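Structure at a glance
Listed below, chain by chain, are the residues.
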Amino acid sequence: MTDSSLPGALVADAEHDVMDVLGADVAVPQPNRFSDGVKIVLRFVAVFALAMLVWELVKFIGGTPWRYTTAEGALFDFTWFPPFEFKIANDLNMPHLWDIFGALIQPAQRNGPPLVNVLAQAAVVTMAAALVGFIIGTAVGLLLGTIFAHSPLLERSLVPYVVASQTIPILAIAPMVVVWLKAGWWSVALLAAYLCFFPVTINTLRGLRSPDPRALELMKSYAATTWATLWKVRYPSALPYIFTALKIAATTSVVGAIIGELPSGIREGLGGAILNFNQYYAIVPQKLWATIIFTAIVGILFFISITLVERVMTRNMRKLES
Amino acid sequence: MSVVSISSVNKVFGKAPNQTIALQDINLAIEPGEFISLIGPSGCGKSTLLRIIGDLISPSNGVVLVNGKPAPQARENREYGIVFQAPVLFDWRTVEKNVQLPLEIMGQTPSERAARANEMLELVELTGFQKHYPYQLSGGMQQRVSIARALSFNPPLLLMDEPFGALDEITRERLNAELLAIWARTQTTIVFVTHSIPEAVFLSTRVVVMSARPGRITEIIPIDLPQPRDMATRELPRFYALVTQVREALRGGESAKG
Ligand SMILES: Nc1ncnc2c1ncn2[C@@H]1O[C@H](COP(=O)(O)OP(=O)(O)OP(=O)(O)O)[C@@H](O)[C@H]1O
Ligand SMILES: [Mg+2]
């Protein structure tokens, strides 16, 4: 055969051998895999910088007039009067970025540690609960999706309830969970899990049903067990679907944890910080904004972690799409 | 004993008003080592018949015996290798892991599997492509991987549904020759669905001609071309005569219906 002239033949065999030694059934890491991850982060930073620029631009055009001076009566004294006056862009609704970042390094309370420390600690508390909730929710979702994929009867009778569970606001569920588990860290995690399991269930179900029917017929002709078919064909085919759900679940778990903190009486997390700074918004809006930024960062960290795991696990599948 | 013995098989799809009679009164016995081609107009039930033999679907009535056992039991015994028109490879597995998949399911050890996969890839002339992924292969190479996979566990019966239908003429003729070589070496019995008359004549020991609506067997034409067959076979006057005979049998089926 003369087919060996094809470009695929150039793929380095050394890498394959490494993977074989590691016992990996899937995948050959491509040389640019690491820089791929770096690219995701860089792209994110670039967009963030752009957003900050737009923020200040809007304030420049329509914000509250502002004055910069090093000291009263000093040489450098500059005042800017924006040409328009947008209510949305005034200092109360959109504090200046330097005020927000300035608030971070100032003490949160008199003589206390700087706000950034307080928020970082709060973020760790919330992240821990969100992570546990994410894991529980994902496990439940995978389990339910797998059961439904194998039992049309259970699917038809239970999926409506799964859907209904998501139309009940989490605030209505929270008191039950809190009474059941006692207010505390576990009730926060469970409320996060409650928001997570739904997308994972639905997408696992879809993904497990996604293989080519002929692939399933082949498995039938090998007299493969349901279990073998699940692990060798259905789960690998479902991975792209499952990861889509995990990305949604990763961010909802953070929201779930923050909301869950309120009825659970946890004040050490980001939810507590939001509640606290909400009360002072009219006086120091930048503190709430600083908290919002921290919350966003936590969500983005979760999201990026899942994206990176996905890239590693589905690297051979992505090539087909392109 | 026949490898496949089909008696009075019918297959009806759907319920009363919208029924399709896909197969009607099919009787066929296939002997060990035969190469049987099923040929007929689109929708005449070739794939359906193949899938009934392989117990992927069951007949509405009638009996299918494979090596003397009912088809479901033969499937449990792993007596079928199946090749579809599309290669249906698993994208996340390398070529060798694709070939090894049935062996994994059958519980062979990694070293047994690897040895067997290498042997099979040699048979389909893909040595050196063990570590490639399916997307790195041409269509013809992918189809050869799927043949290697179907043969990996030594099934006594190979069921092929238009395996070369999506390939160009040159690749197709080359794979025809390769398939005959594999058939001679492995002594597998093959049931082969095709739309190509020359392909059916070149490969087969018998060509089963079918007609549509309802799907039934109209004629079975023995192919008495000498073995082993090669490029020269296609030049023989007898080859042309048989091609003509199959073509006329196909027409007969058409005109009998209309
Ligand atoms: N699962 C099914 N449900 C309903 N009807 C079906 C099903 N499978 C096949 N049929 C019908 O049975 C008939 C035979 O189909 P089959 O696929 O066996 O034809 P074929 O000879 O393989 O055709 P082709 O050459 O186009 O592949 C067709 O009329 C088809 O519509
Ligand atoms: Mg067909």
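Residue positions within a chain follow its written sequence, with the count starting from 1. For naming, the first written chain is A and the first written ligand is 1, with later ones following in the order written. Selection of residues for local features in this predicted model requires a pLDDT of at least 70, selection of side-chain atom pairs for listing and counting requires 80 or more, and totals for whole chains, interfaces and linings are taken over all residues. Water and hydrogen atoms play no part in the side-chain values, which are based on all heavy atoms of the structure.

1. Observations regarding the overall build of chain A
Each helix is a run of H or I in the DSSP string that is no shorter than four residues. Each strand is a run of E no shorter than two, and both are numbered from the N terminus. The helix and strand tally for chain A stands at 12 helices and 2 strands. Burial classes follow relative accessibility: with a 1.4 Å probe on protein chains only, a residue under 20% of its type's maximum area counts as buried, one over 50% as exposed, and anything between as partly exposed. Looking at the 322 residues of chain A, the share that counts as buried comes to 41%. By the convention used here, residues are in contact when the closest approach between their heavy atoms is within 4.5 Å. Taking contacts inside chain A between residues at least 6 apart in sequence as the whole, the part at least 24 apart equals 70%. Using a 1.4 Å probe, the Shrake-Rupley method yields the accessible areas, and only the shown protein chains count as cover for residues. Element-wise, carbon and sulfur atoms account for 72% of the exposed surface of chain A, whose accessible area totals about 17600 Å².

2. Some words on the domain arrangement of chain B
Residue and element names in this part refer to chain B. As assigned here, chain B comprises domain 1 (4–79 + 156–257) and domain 2 (90–154). Across the contact, 15 residues belong to domain 1 and 14 residues belong to domain 2. Defined in terms of a 1.4 Å probe, buried area is the accessible area two parts forfeit on being brought together, summed over both. Summed over both sides, the interface between domain 1 and domain 2 buries roughly 1200 Å², with carbon and sulfur atoms accounting for 70% of that surface. Ranking the residues of domain 1 by area buried against domain 2 places R78, E178 and I182 at the top, with a combined share of 42%. One speaks of a salt bridge when a side-chain nitrogen belonging to Lys or Arg is within 4 Å of a carboxyl oxygen belonging to Asp or Glu. At the boundary of domain 1 and domain 2, one finds 1 salt bridge. Between R144 and E178 there is a salt bridge; the shortest N-O distance is 3.6 Å. For each domain, the first and last residues come from an automatic or database assignment.

3. Considerations on unusual backbone geometry
Residues and elements named next belong to chain B. With an omega of -10°, the peptide bond between R213 and P214 qualifies as cis. By the secondary structure assignment, P214 is in the loop between strand 9 (206–211) and strand 10 (216–222). Across the junction of Q227 and P228, the peptide omega takes the value -10°, indicating a cis bond. Counting through the fold element by element, P228 comes out in the loop between strand 10 and helix 8 (237–257). Despite not being glycine, S8 shows a phi value in the positive range, around 50°. Note that S8 resides in strand 1 (residues 4–13).

4. With respect to the sheet that holds strand 8 (residues 189–194) of chain B
Residue and element names in this part refer to chain B. The pairing criterion is simple: DSSP has to find at least two bridges between the two strands. Sheet architecture is open: 6 strands sit in the order 6-7-8-3-9-10, paired in mixed fashion. With one partner strand each, in any of the chains shown, strand 6 (80–83) and strand 10 form the two edges of the open sheet. Each adjacent strand pair in this sheet contributes to an overall mean axis angle of 20°, direction not counted. Note that strand 7 (residues 157–161) and strand 8 share 5 bridges and pair parallel. Looking at strand 8, one finds that L157 is bridged to T189. Where helices are involved, their axes are fitted lines through C-alpha atoms of the stretch in contact, as for all axes, and angles between N-to-C directions lie from 0 to 180°. Each of strand 3 (35–39), strand 6, strand 7, strand 8 and strand 9 touches helix 1 (residues 46–53); the most contacted strand, strand 7, lies at about 155° to it.

5. What about a nonpolar patch on the surface?
Patches here are clusters of residues that have more than 30% relative accessible area and form no salt bridge, with a 9 Å joining cutoff for like charges and a 5 Å cutoff for nonpolar side chains (Val, Leu, Ile, Met, Phe, Trp, Tyr). On the surface, L57, F60, I61, F84, F86 and I88 of chain A cluster together into a nonpolar patch covering about 570 Å² of accessible area. By the element assignment, F86 of chain A lies in the loop between strand 2 (77–80) and helix 3 (97–105).

6. Thoughts on the pairing of strand 6 of chain B
All names here are of chain B. The alternating pattern of strand 6 places Y80 and I82 and G81 and V83 on opposite faces, both of which are buried. Sheet analysis places strand 6 next to strand 7, joined by 4 bridges and oriented parallel. Its bridge partner being in strand 7, V83 is matched across the sheet by M160.

7. What to know about the environment of V312 of chain A
Residues and elements named next belong to chain A. In this structure, V312 sits in helix 11 (residues 285–313). Residue V312 is classed as partly exposed on the basis of its relative accessible area, which comes to 40%. As for V312 and L144, which are separated by 168 residues in sequence, their C-alpha atoms are 25 Å apart.

8. Here's the deal with the site of ligand 1
All names here are of chain B. Around ligand 1, the neighbouring residues are F13, T20, A22, S42, G43, C44, G45, K46, S47, T48, E162 and H195. Between ligand 1 and the protein, one listed contact pairs an oxygen atom with a side-chain N or O atom of K46 at 2.8 Å. N or O atoms closer than or at 3.5 Å make up a polar contact, with two conditions inside protein: a donor-capable atom paired with an acceptor-capable one, and, for residues adjacent in sequence, both atoms drawn from side chains. Between ligand 1 and S47 there is a distance of 2.6 Å, counted from an oxygen atom to a side-chain nitrogen or oxygen. Relative to its unbound accessible area of 630 Å², ligand 1 is 61% covered by the protein chains. Contributions of two or more residues to the shell around ligand 1 are made by strand 2 (20–30) and helix 1. At 3 residues, helix 1 tops the list of elements feeding residues into the shell around ligand 1. Note that Gly is not counted as nonpolar here; it falls among the polar residues with everything else outside the nonpolar set of Ala, Val, Leu, Ile, Met, Phe, Trp, Tyr, Cys and Pro and the charged set of Asp, Glu, Lys and Arg. The class makeup of the residues in the shell around ligand 1 is 3 nonpolar, 7 polar and 2 charged. Put simply, a residue is near a molecule or strand once any heavy atom of it comes within 4 Å of that molecule or strand.

9. Topic: the nonpolar core
To define a nonpolar core, start from buried Ala, Val, Leu, Ile, Met, Phe, Trp, Tyr and Cys residues and group those joined through side-chain atoms within 4.5 Å. The biggest cluster of nonpolar side chains holds 50 residues, and the ones touching the most others in it are L115, L119, F134, L246 and L270 of chain A. Put simply, the parts of the chain that give this core at least two residues each are helix 3, helix 4 (115–150), helix 5 (152–167), helix 7 (185–208), helix 9 (226–264), helix 10 (270–279) and helix 11 of chain A. Residues in contact with L119 of chain A, not counting those within four places in the same chain, are L104, L270, A273, F277, A290, T291 and F294 of chain A. Formed by 47 residues, the second largest nonpolar core is a distinct cluster that contains V83, M141, I190 and F239 of chain B.

10. Looking at the pattern of salt bridges
All names here are of chain B. Counted under the stated rule, the structure contains 16 salt bridges over all chains. A salt bridge links K131 to E96, with the shortest nitrogen-to-oxygen separation between them at 2.8 Å. Of this pair, K131 sits in the loop between helix 4 (110–123) and helix 5 (139–151) while E96 sits in helix 3 (residues 95–105); the two residues are 35 residues apart in sequence, bridging distant segments of the chain. Relative accessible area serves as the criterion here: at 19%, K131 is assigned to the buried category. One salt bridge in this structure joins E199 and R172, with 3.1 Å as the shortest N-O distance. On the criterion of sequence distance, the pair formed by E199 in helix 7 (residues 197–203) and R172 in helix 6 (residues 169–186) is long-range, its members being 27 residues apart. Its relative accessible area of 13% is what places R172 among the buried residues.

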